[in-house]
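Each chain is listed here by its residues.
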2 protein chains.
Amino acid sequence: MPDKLPRMAESAPSSELLTKKRRDILNFIDHTQRTRGYPPSVREIGEACQLASPASVQFHLKVLQQQGFLERDPSKPRALRVNLPRAQELGVGAAVMQVPMLGDVAAGLGTLAEQNFSGEMVAVPQHLGPVGTLFALRVKGDSMVGDGIFERDVVVARRQSTADVGEIVVAGIFDQQEATIKRIDFDRAHNRVTLKPSNPAYTPMNFAADEVQIYGKVVFLQREI
Amino acid sequence: MPDKLPRMAESAPSSELLTKKRRDILNFIDHTQRTRGYPPSVREIGEACQLASPASVQFHLKVLQQQGFLERDPSKPRALRVNLPRAQELGVGAAVMQVPMLGDVAAGLGTLAEQNFSGEMVAVPQHLGPVGTLFALRVKGDSMVGDGIFERDVVVARRQSTADVGEIVVAGIFDQQEATIKRIDFDRAHNRVTLKPSNPAYTPMNFAADEVQIYGKVVFLQREI
DNA sequence: TAATTCATCGTACATATGTTCGTTCGCTTT
DNA sequence: AAAGCGAACGAACATATGTACGATGAATTA
């Protein structure tokens, strides 16, 4: 004989759009979905939110659905989806791929080969190039602030060993154990290469062509603010 | 009489840990989970991955589970969870979520509400915040170059109506039909707000506090170069 | 006081779903 | 050729789940 608990119809009038109980339910669905990977069943919601009958949960779910907080497919169990936003249902767009984070640039990263791969991956739009030709680096220093490339930014480069004048490249300098990001300029007549910072506080560096190894061209940047 | 298709046991030996079929299944589960909000049923997997019998799917799920790519609760329908860390080692799945691109900032975007949603989505790291609280904007103008925010950059903001001094925010100005990205400063004594460009060519703008509406705080930026 | 609404209960029912079983068909190994 | 194995099939079954129905009590309104 299940003891009928008093209904305690929210002594706090809760004149809001969302009653406490319904807020609880929404939160529980969202939390479950997030932590466990799949949404709760009606009965699980009941248990978590102190509702002994599936019908009670059903009642609230229906309201939440009409209010647009929830979407569901009646024919499928656990087919719940919280609609806190209202935008992202059309999961279309922006195909993404993962590129390896090879480490810091302008810190000793040797040959910039896969050896430096830490396991960290960075998600970037697929149209940047074929997977496998791209890699990510974390920026150290402020030599490129003029191009909006700041310390700690993540840049993504496409692997290539040549570049055009004026492009931003990841380059290694002969027998230095590090690579840098700079704008590149050529003096083909004299077979020399200039790597130009975009921060006026730094001076361009000039090298013999065979002293500079181009690793790739910077094609993408992202920053957490 | 259902035509038994030839089993075509992967003419490519697929000496890998993950056969093509099982990779498909993992990807489908992950994708469904991501776009639809809840995992597929065994039969839905079968339909999507060309397996006519639920038993066939069951067979693969069991293997995936033993390999550690998948976790499930046998007693519950749709209780599937992809083990992302494990799966991502093999390039399946992504720690990425999609946020809606609401349009240009510093071009007429009215209330910055979902009305402006074009359907375009931007992929960003999941740890930026709960899905639904984030939105993306494309930058117009050069008023924030000092902070490395350039024309055509995509910024991602977290929806919030308050901010701390010095933070970069998306703000709307009273009765102007547009929003801007600026650093914010308060003069609480006089109840005024200053929106500061980071380009020295522009001058800060000062408003009464109730003339400025904060839409969100900029938390992420990406740029194609 | 009567009527209405909100929130809850328990029960019953249809079904979507997961699982098990036995079988078959290629391929590889013995 | 026989045996073993991976991968698929269909059918049958147990049940977890969603839903509908009717009833009840508290609070609010008429």
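Up top is the structure these notes are about.
Quick caveat, the model's predicted, so the values are computed rather than measured. (Residues numbered from 1 in each chain as written. Chains lettered and ligands numbered in written order. Predicted model: local features only at pLDDT ≥ 70, side-chain atom pairs only at ≥ 80, totals over all residues. Heavy atoms only, no water.)

Enquirer: Before we go on, may I ask you to explain the packing of helix H1 (residues 20-36) of chain B against helix H3 (residues 54-66) of chain B in this structure?
Expert: The relative placement of two packed helices is expressed as an angle between their axes plus a distance between the axes. All names here are of chain B. At a closest axis distance of 10 Å, the pairing of H1 and H3 adopts a crossing angle of 85 degrees. Compared by their axis directions, H1 and H3 come out roughly perpendicular. Along the contact surface, H1 presents Lys21, Arg22, Ile25, Leu26 and Ile29, while H3 presents Phe59, His60, Leu61, Val63 and Leu64. (Axes fitted to C-alpha atoms, helices over the stretch in contact; angles between N-to-C directions. Helix = DSSP H or I, 4+ residues; strand = E, 2+ residues; numbered from the N terminus. Parallel < 35°, antiparallel > 145°, perpendicular 65-115°, else oblique. Contact = heavy atoms within 4.5 Å.)

Enquirer: Got a minute to help me understand the pattern of salt bridges in this structure?
Expert: Pairing is possible between side chains that carry opposite charge, provided their charged atoms lie close to one another. As enumerated under the stated definition, the model contains 19 salt bridges over all chains in all. The closest approach of N and O atoms between Asp185 of chain A and Lys196 of chain A, which form a salt bridge, is 3.3 Å. Placement of the pair is Asp185 of chain A in strand S8 (residues 179-187) and Lys196 of chain A in strand S9 (residues 192-196), with a sequence separation of 11 residues. With a relative accessible area of 22%, Asp185 of chain A lands in the partly exposed category. For Lys196 of chain A, a relative accessible area of 36% gives the class partly exposed. The partner of Asp153 of chain B in a salt bridge is Arg223 of chain B, and the shortest N-O contact between them spans 2.9 Å. You can see Asp153 of chain B sitting in the loop between strand S5 (134-139) and strand S6 (154-159) and its partner Arg223 of chain B sitting in strand S11 (residues 212-224), a full 70 residues away along the chain. (Salt bridge = Lys/Arg side-chain N within 4 Å of Asp/Glu carboxyl O. Buried < 20%, exposed > 50% of the residue type's maximum accessible area, 1.4 Å probe, protein only.)

Enquirer: Please clarify how H3 of chain B should be interpreted in this entry.
Expert: All names here are of chain B. Along its 13 residues, H3 runs 18 Å from first to last C-alpha, staying within 8% of the 18 Å computed at 1.5 Å per residue. Looking only at H3, the buried set comprises Val57, His60, Leu61, Val63 and Leu64. One side of H3 carries all its buried residues, which in axial view fall inside an arc of 160 degrees. Across from the buried face of H3, at angles greater than 90 degrees, the exposed residues are Ala55 and Gln66. (Expected span 1.5 Å × (residues − 1). Arc of directions from axis to C-beta.)

Enquirer: How should helix H3 (residues 54-66) of chain A be read in this particular structure?
Expert: Every α-helix winds through 3.6 residues per turn, so residues three or four apart in the chain are directed the same way. The opening residue of H3 of chain A, the one whose side-chain oxygen lies 3.0 Å from the backbone nitrogen of Ala55 of chain A, is Ser53 of chain A. Directly after H3 of chain A, the chain includes Gly68 of chain A, whose backbone phi takes a positive value near 85 degrees. (Polar contact = N/O pair within 3.5 Å; in protein donor to acceptor, adjacent residues only side chain to side chain.)

Enquirer: Explain the packing of aromatic side chains to me, please; I cannot follow it from the model alone.
Expert: Both the distance between ring centres and the angle between the ring planes are used here to describe each pair of aromatic rings. Across all of its chains, the model carries zero aromatic pairs over all chains by this definition. One residue, Arg223 of chain B, lies across the ring of Phe150 of chain B, its end atom 4.6 Å from the ring centre. (Phe/Tyr/Trp six-rings, centres within 6.5 Å; stacked < 30°, edge-to-face > 60°. Lys NZ or Arg CZ within 6 Å of the ring centre and 35° of its normal.)

Enquirer: I keep staring at unusual backbone geometry and nothing clicks. Help me out?
Expert: The phi angle of most residues is negative, glycine excepted, and most peptide bonds adopt the trans form. For Gln50 of chain A, which is not glycine, the phi dihedral falls at a positive 65 degrees. Within the secondary structure, Gln50 of chain A is located in the loop between helix H2 (42-48) and H3.

Enquirer: Help me out: how do you make sense of the side chain of Ser198 of chain A in this one?
Expert: Residue and element names in this part refer to chain A. The residue Ser198 is located in the loop between S9 and strand S10 (205-208) in this model. Owing to a relative accessible area of 18%, Ser198 belongs among the buried residues under this scheme. In terms of polar contacts, Ser198 uses its side chain to reach the backbone amide nitrogen of Asp147, at 3.1 Å. Setting aside anything within four residues of it in sequence, one finds Ser198 in contact with Ser143, Met144, Val145, Gly146 and Asp147.

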